[in-house]
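Fold and geometry: a report
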Amino acid sequence: MVSRSNITSEIHTFTQLIFCVKIFRFIFFAYAFLSFAFWFLNCMEADWLYLFNWLFIIPYQMVSVFYTPQGVSVDFSLAIIGGISVSIGFLCDFASNSMLKQVVKLEDEEENLIRQRRLQRQKKQAAQQLKRAPSIVTDNEMPTVGDPFEYAKLIFLILINIKKIKRKKEDIDFTFQEIELWKQRINKKLIENVNYTKPLQKGYYRKNLFLVYKDFNYVDDFMEHMKPTLNSIAVEFKKYGVHTSYCHVFSSITDMQTLEKELDCMDTVLSLNFVNEFIVTNRFKITYDNKTIKKYVMNMKGEYNLSKNLTISNRQVLYTLTEKVSKGESL
């Protein structure tokens, strides 16, 4: 079995190679632009172009092996150089994306090794956790009478925003494919950190990660764990030149059959782009208000139309979830 140190070393090597290949990609794309620009100016017979001949001496010699302008009014040498440069640039882009996929695979292997080690620790803690865990009523055993808030489930939906940290002027923004691959890595890291909480259901709704917990009362513990987890992930990926921010929303349901409908509403809340704020729905507020002990408070964010049909108004109040300030503490 491959050791974790070997995998980590491979990840580091590929990360360095990706950085180098991206630099070459930028150089070849920039050189292609210059080649096409100077070819156009050459066609316009600009007299001062000879001052920049040194930029194209070697490429001219290479192109002259298979192309020599004879008896034609237009010299296509610079256009050919530009075309070759563009092709090499795209090859570099393909290579960097391929290596990024390999990094994702290696991280999966690393996560599997970590998971196997954690499994042994979890087995030892299982007996103690079962003794401390509150009794949970399953969906099939849920009674038809009693307080509905007692059986409310917690839903969490998160949207991850990715941006390139530009440390130099020549740095290029991430491509769409690169953004999706970085999101995939961050989602996997997030799932790894919440797996031990044993969500009732987890998955993706319109490419955004959602978690469902049987007991709504778990919300305070979940928040206590989630905030530092998201912060640590953002710090970890910053070293790769990735700026990470989040949009997240909480809600609650009492019937799993309404999960998709509630996720659709929560997805609309994400589109409002409240970055790094824990937004909650009115349904969540009603459920949370019935808790005996509350660690967090809700402040009204505003009233918004959450209908995706522009002809239908579905105005609902949204709130921000913030931790209570203890007496004697200043905000």
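Criteria and cut-off values
- Residues numbered from 1 in each chain as written.
- Predicted model: local features only at pLDDT ≥ 70, side-chain atom pairs only at ≥ 80, totals over all residues.
- Heavy atoms only, no water.
- Helix = DSSP H or I, 4+ residues; strand = E, 2+ residues; numbered from the N terminus.
- Buried < 20%, exposed > 50% of the residue type's maximum accessible area, 1.4 Å probe, protein only.
- Contact = heavy atoms within 4.5 Å.
- Areas by Shrake-Rupley, 256 points an atom, 1.4 Å probe, with all protein chains shown as cover.
- Pairing = 2+ DSSP bridges.
- Axes fitted to C-alpha atoms, helices over the stretch in contact; angles between N-to-C directions.
- Phe/Tyr/Trp six-rings, centres within 6.5 Å; stacked < 30°, edge-to-face > 60°.
- Lys NZ or Arg CZ within 6 Å of the ring centre and 35° of its normal.

A look at the overall build of the protein chain
Along the backbone of the protein chain there are seven helices and seven strands. Reading the protein chain from its N terminus to its C terminus gives the helix and strand order α-α-α-β-α-β-β-α-β-α-β-α-β-β. When each of the 331 residues of the protein chain is scored for burial, the buried share is 37%. Nonlocal contacts in the protein chain, meaning residues at least 24 apart in sequence, comprise 72% of its contacts between residues at least 6 apart. Counting only carbon and sulfur atoms, one obtains 58% of the accessible surface of the protein chain, whose full area is about 20,300 Å².

Remarks on the sheet that holds strand β1 (residues 153-164)
The strand order across the open sheet formed by seven strands is β2-β3-β1-β4-β5-β7-β6, and the pairing between neighbours is mixed. Edge positions in the open sheet fall to β2 (201-205) and β6 (296-305), since each of these has one partner strand only. Strand-to-strand, the axes of this sheet are offset by a mean angle of 25°, without reference to chain direction. Pairing of β1 with strand β4 (residues 242-253) involves 12 bridges; the strand directions are antiparallel. The residue bridging K163 from the neighbouring strand is H243, located in β4. Each of β1, β3 (208-213), β4, β5 (278-280), β6 and β7 (315-323) touches helix α5 (residues 219-238); the most contacted strand, β4, lies at about 165° to it. Across the sheet, helix α7 (residues 282-289) touches β1, β4, β5, β6 and β7, and the angle it forms with β4 is around 65°.

Side note on the pairing of β2
The sheet contact formed by β2 and β3 spans five bridges and is antiparallel. By the bridge assignment, Y205 is partnered in β3 with N208. Adjacent in sequence and paired antiparallel, β2 and β3 are bridged by two residues, among which R206 carries a positive phi angle near 55°.

Digging into the packing of aromatic side chains
Two numbers describe a pair of aromatic rings. These are the distance of the centres and the angle of the planes. One pass over the structure, following the stated rule, counts 17 aromatic pairs. Here F216 and Y288 contribute two aromatic rings whose centre-to-centre distance is 6.4 Å and whose plane-to-plane angle is 70°, an arrangement assigned as edge-to-face. Of the two residues, F216 sits in the loop between β3 and α5 while Y288 sits in helix α7, which places them 72 residues apart along the sequence. Pair check on accessibility: F216 and Y288 agree, each one buried. Ring geometry for Y218 versus F222: centroids 6.2 Å apart, planes at 55°, classification tilted. A network of ring pairs unites the aromatic residues F156, Y213, F216, Y218, F222, F250, F278, F284 and Y288 as a single cluster. One cation-aromatic arrangement involves R185 over Y240; the distance from NZ or CZ to the ring centre is 5.1 Å. The ring of Y319 has K285 lying over it, and the distance from NZ or CZ to the ring centre is 5.4 Å.

Digging into unusual backbone geometry
Positive phi is not limited to glycine here, since K198 has a value of about 55°. Relative to the elements of secondary structure, K198 occurs in the loop between α4 (176-194) and β2. Relative accessible area serves as the criterion here: at 64%, K198 is assigned to the exposed category. The phi dihedral of R206 falls on the positive side, at around 55°, and the residue is not glycine. Within the element layout of this structure, R206 appears in the loop between β2 and β3. By relative accessible area, which is 48% here, R206 ends up partly exposed.

Some words on the pairing of β1
Most of β1 sits out of view: nine of its 12 residues are buried. Of the strand pairs in this sheet, β1 and β3 are connected by five bridges, and their pairing is antiparallel. Within the sheet, the bridge partner assigned to I155 lies in β3 and is V212.

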